[in-house]
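An overview of the molecular structure
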Amino acid sequence: MVTNFLEEESISANKKLRRLQLILIAVFVATLAIIYFGVGDELFDFSDRRTKLIAAVLLGGAGIILISTIITLIFTMRPAKNGKNLLLPLEETTPEKAAKIINREVAEGKILYEGTRDYNTPIKHDTRVLLTPSYLLLIGYSMEKISAIPCDRILWIGAQLGYKGGPYSVRLIIFTREKMLDYGVNDFEQAKRIAEGLYQYIPNVFRNLDWQDVTFPHMLENLYQKNRDLFLEMYEEEKGKIKGA
């Protein structure tokens, strides 16, 4: 029997989402209770019209939050089926077709690499990078969604420190012919470990260049964004060196 990997991941993500929703609503209710019972008499004069209006707005907001929480809880009771929890950034196929391939390869034990972005960091996240022969999967980066990138579309993968979101931003960047994709990672050294782990199956085409320099991926990104043709020309030249080695 084929293990439905994507549905299992959906169930796990839904549990986390429900837990988060319940925590948020508990905090919201507790805050309202503290305001009302703790300092309500001091801050609010309920005989005043404006105070009544503020109270009505707060109650309305509470109602909206409660309704949205109930809808979310109901929505997350069922796992996503037929690849509905997949994000296909390159839009190369349908979620249903991609799901069949991914579920089959995982069921057959064809997981080539699996890594997590939270290695040796104090805050743990169930955020993983998983590689099958056909797809690179980024799990947990978008809560209930899994990004799936076809392996045959990937040109190069690198770890980048800084430049986007501030000097302490850490990203795993993925170059494809169509677009450049990036995903946040908690630790720069772990981002490098992920890239190096993937290089066993997705060639490190730029290995002969000084890619260990933290500014190198940024230079490649600039080249990719400003002159795609020159980037691809450089890529093909470095790829030819690997084949000729």
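We now turn to the structure provided with this report. This is a predicted model, so every value here is computed, not measured.

1. Digging into the environment of E105
In this fold, E105 is placed in helix α3 (residues 95–107). As a C-alpha pair, E105 and Y135 span 30 residues in sequence and 9.5 Å in three-dimensional space. Setting aside its immediate chain neighbours within four residues, E105 contacts K110, T132, P133, S134 and Y135.

2. With respect to the sheet that holds strand β3 (residues 128–131)
Within the open sheet, the five strands sit side by side as β1-β5-β4-β3-β2. Their pairing is mixed. Only two strands of the sheet have a single neighbouring strand rather than two, namely β1 (86–87) and β2 (113–116). On top of the sheet, α3 reaches β1, β4 (135–142) and β5 (145–150); it is set at about 105° to β4, its chief contact. Sitting on the sheet, helix α4 (residues 188–198) is in contact with β2, β3 and β4, with an inclination near 175° to β2.

3. Digging into the pattern of salt bridges
Following the criterion strictly, the structure yields eight salt bridges and no others. Residue E114 is joined to R128 by a salt bridge in which the shortest nitrogen-to-oxygen separation is 2.8 Å. Here the residue E114 occupies a position in strand β2, and R128 occupies one in strand β3, the gap between them amounting to 14 residues. The exposure class assigned to E114 is partly exposed, which follows from its relative accessible area of 45%. Overall, R128 belongs to the buried group, its relative accessible area being 14%. Salt-bridge contacts for D182 lead to R171; the nearest nitrogen and oxygen are separated by 3.4 Å. Note that D182 is positioned in strand β8 (residues 180–184) and R171 in strand β7 (residues 170–176), a separation of eleven residues in sequence. With relative accessibility at 4%, the residue R171 sits in the buried group.

Rules used throughout
- Residues numbered from 1 in each chain as written.
- Predicted model: local features only at pLDDT ≥ 70, side-chain atom pairs only at ≥ 80, totals over all residues.
- Heavy atoms only, no water.
- Helix = DSSP H or I, 4+ residues; strand = E, 2+ residues; numbered from the N terminus.
- Contact = heavy atoms within 4.5 Å.
- Pairing = 2+ DSSP bridges.
- Axes fitted to C-alpha atoms, helices over the stretch in contact; angles between N-to-C directions.
- Salt bridge = Lys/Arg side-chain N within 4 Å of Asp/Glu carboxyl O.
- Buried < 20%, exposed > 50% of the residue type's maximum accessible area, 1.4 Å probe, protein only.

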